[in-house]
Amino acid sequence: MRQQVRQVIDATLHALKASGALTFDTIPNYAVELPKKLEHGDWACNVAMVMSKGRNAPELADLIIKNLVDPHSSVVSVEKAGPGFLNFRLKDIVFQRVVTEVLKAGVQFGRRAPKSTGKKVMVEFVSANPTGPVHIGHARGAFMGDAIARLLDAAGHDVTREFYINDFGKQVETLGRTVYKRYREQFGEAITLVEGEYPAEYVIDIAKTWKAEVGDSFLNKPEAEWLPAAIEVGTRENLKAIKATLAKANITHDVFFSEASLHASGAVRSIVDVYKARGVTYEATEGKRKDNKEKVRDAESKAAKYADRQLGGTFLMTATWQDEKGKTPLKDEEDRIILRADGTPVYLTADLAYHKAKFDRGFDLAVDVFGADHAGHVPRIQSGMHLLGIDSKKLEFVLVQIVRITRGGEEVKVSKRKGTLFELADLIDEAGADVCRFIFLMKTRDAQFDFDLDAVTKQSKDNPVFYFQYGHARCASILKKAAEKGVPFVGADKVTDAHLARLVLPEEKMMLKKISQLPDVVASAADRLEPHHVLYYCQELIGDFHAYYTQYKSDPIISDDAEKTQGRLALVAALKQTLQSAFKILGIDAPEHMEAPPEEA
RNA sequence: GCGCCCGUAGCUCAGCUGGAUAGAGCAUCGGCCUUCUAAGCCGAGGGUCGUGGGUUCGAGUCCCGCCGGGCGCGCCA
């Protein structure tokens, strides 16, 4: 519907240009939007103000109105208003056809054809360390990443959802050592954990599993034998638990990509060689690095902190690299080490190799969903990709801000080290997957917010997600009721213009306008990687529907007037389809039926 | 100290990349179930959009300063 208004405006402007009344190169970017006030018409357009850039906006508006070209004759009237708005009113049939459009599109409504953009997109999200379960700290990024992937899929991209497994390095080694201690404990040995090892109970479970599998065969073996085995069983079991939790949350990944495999395949080594060949590295024997203000930062404080470590190594010019013009465009604060003095790579080195691999695998866009605590990592990867000659537009970061978890007004601290975990699985058991997902998606991604466990778990009846789902269930219920009463909706193929012509109430037209917007909402939310726009869109639409439903109880949808009933049932069916499409993009269930919970005493 | 994010109703948050009289949910108060589900609807109260400048036809939205809060600033991953 919005497109039709655009067509009218574009046609009019081109006609004015052809007649010499107006001069312009290209039509500037103008908006066609739903006005808040009904007296401002069906659609409002700011093109006169955008094009006039000043005084004569009202004159230009008049000119457009006088010379209006209406190719599909869909316009009833255009008025000039305020500082130069054009307020359009459209014929009823334009609204009514929205119903048939939606019903014909079915589950595809609101979406572009699958993979129609030809763009390969990877969304990397969760990527929780395989050293423990998924906890509440991961929840926001998990639901956000999942929703972004769904959104990009709906927008017609070829989406791969990926989980990067950090199964290499010190942390998994520590896990392995903890697992082995717990394993020995199973045979009656008294053990003590040292600082940094994982005290939580799940490690004991892993040890039990291991014992059941291999018996005592690792008890008196050298470290070289038990450590790799303990790491293997530890990461495997944790990953199994992570996958189970994600499944519970209705979150799926297509690929689990192992960091260790990058080391094994030589990809990590080879990226260092690539950087060296491009001349963007240097050796610093004393552990000194440069930052982009051309100072040499002293590593003394760090040397004190890591006194046991030999400083120096190979640095990547993530800050000080200069382009042909001698400028330093990279945003990192200082150059980063990629090979330690002993020649071993660091975490960043592997991550750079991983990101390079993403583009080598043919992705046109890589979206990384991180927690804000990884913000410092972003410029390093951006710089690293730039130094490979990869267009920075092909890599986008979504940083979800920290979530404060509160219960009874007190903050719940999450710490894997201290063993005080609040697992996502437990939260889902308490509150339900849809409720959790909804609460995390309601907020724009870069606002921090407080997650009140009391509100979610105790008052789930009042949770906003039910408002949404009830809207869908109400549509389903009406259609079901109509069938029971012997006047079922005739269906998308048999609904006629005569039926639809009975949709004339202002509330009905408003809903049809909004329904027609879903494709725009999805496309723009996908562009911006912001799922919450879809959610707020649903809220408005459902609010309109509930109000309509209640207001016209005396003139109900199902009435003796067969024609009107069919028209209204078609609207309800279209609305139901719209909500179902939107819910699918958000990843929440669209129930056919909902019962009010029993009143609490 | 430096970098990033945030500041909108009592609380939690939207505000469609600059548009018309700033919105929703929760909470409070008052109404609405003999007829398609009351997990719903209608109404009321509640705002110097942190603050001071700037940009322009027009600013919650863009720019600069300040105030307040969060996160980051390992050769951990």
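Above this text is the structure in question.
To start, this report covers the structure provided alongside it.

Cut-off values and rules
Residues numbered from 1 in each chain as written. Chains lettered and ligands numbered in written order. Predicted model: local features only at pLDDT ≥ 70, side-chain atom pairs only at ≥ 80, totals over all residues. Heavy atoms only, no water. Helix = DSSP H or I, 4+ residues; strand = E, 2+ residues; numbered from the N terminus. Buried < 20%, exposed > 50% of the residue type's maximum accessible area, 1.4 Å probe, protein only. Areas by Shrake-Rupley, 256 points an atom, 1.4 Å probe, with all protein chains shown as cover. Lys, Arg positive; Asp, Glu negative; His and termini not counted. Charge placed at Lys NZ, Arg CZ, Asp CG, Glu CD. Phe/Tyr/Trp six-rings, centres within 6.5 Å; stacked < 30°, edge-to-face > 60°. Lys NZ or Arg CZ within 6 Å of the ring centre and 35° of its normal. Core = buried A, V, L, I, M, F, W, Y, C linked by side-chain atoms within 4.5 Å. Contact = heavy atoms within 4.5 Å. Salt bridge = Lys/Arg side-chain N within 4 Å of Asp/Glu carboxyl O. Disulfide = S-S within 2.5 Å. Pairing = 2+ DSSP bridges.

**A look at the overall build of chain A**
- Helix and strand content of chain A: 22 helices and 17 strands.
- Considering only C-alpha atoms, chain A reaches an extent of 85 × 70 × 40 Å along its principal axes.
- Within chain A, buried positions represent 50% of all 601 residues.
- A total of about 28400 Å² of accessible surface is found on chain A, and carbon and sulfur atoms cover 49% of it.
- Charged side chains in chain A number 82 positive and 85 negative. The centres of these two groups are separated by 2 Å.

**Quick word on the packing of aromatic side chains**
- Taken as a whole and assessed by the stated rule, the structure comprises 17 aromatic pairs.
- For the ring pair Tyr 180 and Trp 226, a centre distance of 3.8 Å and an interplane angle of 5° mean the geometry is stacked. Here the residue Tyr 180 occupies a position in helix 6 (residues 170–185), and Trp 226 occupies one in helix 8 (residues 223–248), the gap between them amounting to 46 residues.
- A residue is classified by how much of its surface remains accessible, and Tyr 180, at 4% relative accessible area, is buried.
- Each ring, one from Tyr 548 and one from Tyr 552, has its centre 5.6 Å from the other, and the planes form 55°; the classification is tilted. The same class applies to Tyr 548 as to Tyr 552, namely buried.
- One aromatic cluster is present, formed by Tyr 180, Tyr 183, Phe 187, Trp 210, Phe 218 and Trp 226 through successive ring pairs.
- The ring of Phe 218 has Lys 221 sitting right over it, with the charged end atom 5.9 Å from the ring centre.
- The residue whose ring lies beneath Lys 243 is Phe 256, and the NZ or CZ to ring-centre distance is 4.3 Å.

**A short note on the nonpolar core**
- Formed by 121 residues in total, the largest nonpolar core has its most connected members in Ile 9, Phe 88, Val 123, Leu 152, Val 367 and Phe 451.
- Per-element tally for this core: the top contributor is helix 22 (residues 562–586), with 12 residues.
- Not counting residues up to four positions away in its chain, the partners in contact with Phe 88 are Val 5, Val 8, Ile 9, Gly 41, Asp 42, Trp 43, Cys 45, Leu 68, Val 75, Ser 77 and Val 78.
- Residues Val 272, Leu 352, Ala 366 and Ile 390 belong to the second largest nonpolar core, which totals 37 residues.

**Considerations on the pattern of salt bridges**
- Enumeration according to the criterion identifies 34 salt bridges in this entry.
- Among the salt bridges present, the one from Asp 158 reaches Lys 115, with a minimum N-O distance of 4.0 Å. Placement of Asp 158 in strand 6 (residues 158–165) and of Lys 115 in the loop between helix 4 (92–105) and strand 5 (120–124) is noted, with a sequence separation of 43 residues between them.
- One salt bridge in this structure joins Glu 592 and Lys 576, with 3.2 Å as the shortest N-O distance. One end of the pair, Glu 592, is in the segment after helix 22; the other, Lys 576, is in helix 22, and 16 residues separate them in sequence.
- When salt bridges with common partners are traced through the structure, they connect Glu 213, Glu 232, Arg 236, Glu 237 and Lys 240 into a single cluster.

**Examining helix 13 (residues 378–386)**
- Where helix 13 is concerned, the buried positions are Val 378, Pro 379, Ile 381, Ser 383, Gly 384 and Met 385.
- Buried residues along helix 13 sit in contact with helix 10 (267–277), strand 11 (313–316), helix 12 (347–360), strand 13 (365–371) and strand 14 (395–400).

**A short note on the state of the cysteines**
- Inspection of the entire model under this criterion finds zero disulfides.
- Note on Cys 436: no disulfide assigned, nearest cysteine sulfur contributed by Cys 538 at a separation of 19 Å.

**Quick notes on the side chain of His 472**
- Mapped onto the secondary structure, His 472 falls in helix 17 (residues 464–484).
- On the basis of relative accessibility, which here comes to 0%, the residue His 472 falls in the buried class.
- Ignoring sequence-local partners within four residues, the contact set of His 472 consists of Lys 576, Leu 579, Gln 580, Phe 583, Ala 590, Pro 591 and Glu 592.

**Focus: the pairing of strand 3 (residues 75–81)**
- In this sheet, strand 4 (residues 85–90) lies alongside strand 3 in antiparallel orientation, the contact comprising six bridges. Within strand 4, the residue paired with Val 78 across the bridge is Phe 88.

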